[in-house]
Amino acid sequence: MSILGRGSVFAIAMVAVLGAGIAAMAQQPAAVIETRQKGMKELGAQMKAIGDAAKAGAITKEDAVARSRKINEIATQTATWFPAGTGAEAGVKTAALAAIWEKPAEYKAAADAFAEAAAKLQVAAETGNAATIAAAHAEVGKSCGGCHRPFRQRN
Ligand code: HEC
């Protein structure tokens, strides 16, 4: 403490803390964004597969159950996909709109509607009834759009 005063030590410590914080922030949002984009793609693939089977009149219980399980698994993860700081300000390509963080209640309602529709699709899949599954699948599709319209940038 003879050469460096108390203030200097504090300042050095703060620079170290801030530096570490900035480094962590620079990495984390990009990783979160990548995870959610992958998850969304997977959702798209599962939904398309059920939709294609419906169109072809080829829905099977086994396939629908497996895919709706996957969709529900992803639905439980979505709550962690949009932490603050993972919008355009993260500096990586993302279609997530600021409205997600500006209108948290609306965003949560859209996420909840999706989770609810996904749970119903699971129940429908278990019945093995093609028409029931197709109808529940369409409802899930609506819930995707219910979030994309207000919260995802169109390209
Ligand atoms: C609660 C909001 C919400 C719900 C529900 C939702 N999405 Fe998304 N989705 C988003 C947002 C926001 C993005 C943009 C993410 C980004 O770019 O960081 C996105 C991106 C996507 C993408 C593009 C991924 C990429 O970057 O390549 C696909 C595909 C997609 N969603 C499919 C779906 C499907 C299918 C469903 C329904 C089964 C669904 N989403 C439900 C909010 C949602």
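No experiment lies behind these values; they were computed from the predicted model shown.

What counts, and where the lines are drawn
- Residues numbered from 1 in each chain as written.
- Predicted model: local features only at pLDDT ≥ 70, side-chain atom pairs only at ≥ 80, totals over all residues.
- Heavy atoms only, no water.
- Core = buried A, V, L, I, M, F, W, Y, C linked by side-chain atoms within 4.5 Å.
- Buried < 20%, exposed > 50% of the residue type's maximum accessible area, 1.4 Å probe, protein only.
- Helix = DSSP H or I, 4+ residues; strand = E, 2+ residues; numbered from the N terminus.
- Contact = heavy atoms within 4.5 Å.
- pLDDT = per-residue confidence, 0-100.

Below, the discussion takes up the nonpolar core. Among the nonpolar cores identified, the biggest contains 28 residues, and Ile71, Phe114, Leu121 and Phe151 are the most heavily contacted of them. Looking at this core, the elements with two or more residues in it are α1 (6-55), α2 (61-77), α3 (99-102), α4 (104-127) and α5 (130-151). Element by element, the count of residues in this core is highest for α4, at 8 residues. When residues no more than four places from it in sequence are discounted, the contact partners of phenylalanine 151 are Ala95, Ala96, Leu97, Ala99, Ile100, Lys103, Glu106, Tyr107 and Ala110.

Another point: the confidence of the model for the protein chain. Within the protein chain, residue pLDDT values average 88, and 83% of them lie at 70 or more. Here α1 stands out as the element of the protein chain with the lowest mean pLDDT, 77, in contrast to α5, whose mean of 98 is the highest. Across residues 20-27, where pLDDT falls below 50, the model places 1 contact with residues more than four positions away in sequence or in other chains.

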